[in-house]
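Summary of structural features
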Amino acid sequence: MYAQKLTAAGLAAGLDSASPKLATTRCSTPPAAPATPPPPPAAPPAAPPRPPITKPVVVVHGGGASNFSTERKERVRQGIIRAAKMGYKILRDGGSAVDAVECAVAILENDPEFNAGCGSVLNINGDIEMDASIMDGRDLSSGAVSAVRCIANPVKLARLVMEKTPHCFLTDQGAAKFAQDMGVQQIPVEELITARNKKHLEREKEELGAQKPDCGKHLGTVGAVAMDCRGNLAYATSTGGIVNKMVGRVGDSPCIGSGGYADNNIGAISTTGHGESILKVNLARLALFHIEQGKTVEQAADLSLEYMKSRVKGLGGLIVISKTGEWTARWTSTSMPWAAAQDGKVYAGIDLNETTITDMCS
């Protein structure tokens, strides 16, 4: 319509230009051209884009649990707080989210109170097989290992897989060979086995018999999620698995999307609980899907955990940070040790409706 009007106007102008009246108005000399206006002043150079300002935060968990003795509960609480503080120190000093989660999880792997590293539970043969994974939310880089032995910190080996290989996942002998090639120190497996876990295996075999896992009891894992000052997200998860497991059994912890996930466009999450149940519902990615759909971190966590509980009767827990920095720790197991550090404060808890807040320096 608009183009048609232009065409009609042009035709009318052409007809009028042929008329005598218009011919008599022509000047014998063309009018002077109007003065060319001076060019506008050059615009000032654009300022470089400012990086997003975010408040760094790290959240860690020590695995879902059925119960703790009073004495052990305090040791677990102090261990989980120590891991959160050390991870946050890295963020406060300008370190990356990946550095922070690796540090926090390695500290828990070195603590015999937790089912990872030197506190790993024993398989049916009384041996240790450990799993771990890590992920960088900037570009979805990820690394994982499973069924590794004689290594103090599987999470560090998982990071080497992420950064030094074209792969995402190495297992058993392949992971052991890669660790050797990378110069990772091997330690005698006896140094990873605790007296408590020997008794735990004996008791498990007496009470349940081999290969009869109780989804409400086998929940131990450790994990961390973090957001650094540049807004980058990361997660790491590590575990010794479930007590009295078959040789070669792998649970959710090293599986990207089940044991954890990190994406700068959504959030970062680390899960814990009954591994087979978590694998069946892809718990980590399920929770982040709910965040993508506009749910709060609390709503996303509760929806995902309740779905796992109702659909496959699995119990567990998770910690999650959204891309905007909101975070939470939620669980359906009896308890889940957790701690978070942000803005000079440490938040921690083990049982439902129990949260302590202390200054970072205390």
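Please read all numbers here as calculations on a predicted model, not as lab measurements.

Attention now goes to the nonpolar core. Core analysis: the biggest nonpolar cluster contains 59 residues, and Val60 and Val145 have the highest contact counts within it. Here the element with the most residues in this core is helix α4 (residues 97-109); it accounts for 10 residues. If near-sequence neighbours (up to four positions away) are discounted, Val60 is found in contact with Ile80, Ala84, Ala104, Gly223, Ala224, Ile319, Pro337, Trp338 and Ala339. One finds Met135, Ala287, Leu318 and Trp327 within the second-largest nonpolar core, a separate group that totals 34 residues.

The next subject is the environment of Ile319. Here Ile319 lies in strand β9 (residues 316-322). For Ile319, a relative accessible area of 0% puts it in the buried group. Leave out the neighbours within four places in its chain, and Ile319 touches Val59, Val60, His61, Gly223, Ala224, Val225, Ala268, Ile269, Ser270, Thr328, Ala329 and Met336.

The strand order across the open sheet formed by 4 strands is β7-β8-β9-β10, and the pairing between neighbours is antiparallel. Two strands close off the open sheet at either side, each with one partner strand: β7 (260-263) and β10 (327-331). When the angles between neighbouring strand axes are averaged without regard to direction, this sheet yields 5°. As paired strands, β7 and strand β8 (residues 267-273) are joined by 4 bridges and run antiparallel to one another. Counterpart to Tyr261 in the pairing with β8 is Ile269. Running at roughly 140° to β8, helix α9 (residues 283-292) makes contact with β7, β8 and β9 of the sheet. Running over the sheet, helix α10 (residues 297-312) touches β9 and β10 and is turned about 20° from β10.

Analysis parameters
Residues numbered from 1 in each chain as written. Predicted model: local features only at pLDDT ≥ 70, side-chain atom pairs only at ≥ 80, totals over all residues. Heavy atoms only, no water. Core = buried A, V, L, I, M, F, W, Y, C linked by side-chain atoms within 4.5 Å. Buried < 20%, exposed > 50% of the residue type's maximum accessible area, 1.4 Å probe, protein only. Helix = DSSP H or I, 4+ residues; strand = E, 2+ residues; numbered from the N terminus. Contact = heavy atoms within 4.5 Å. Pairing = 2+ DSSP bridges. Axes fitted to C-alpha atoms, helices over the stretch in contact; angles between N-to-C directions.

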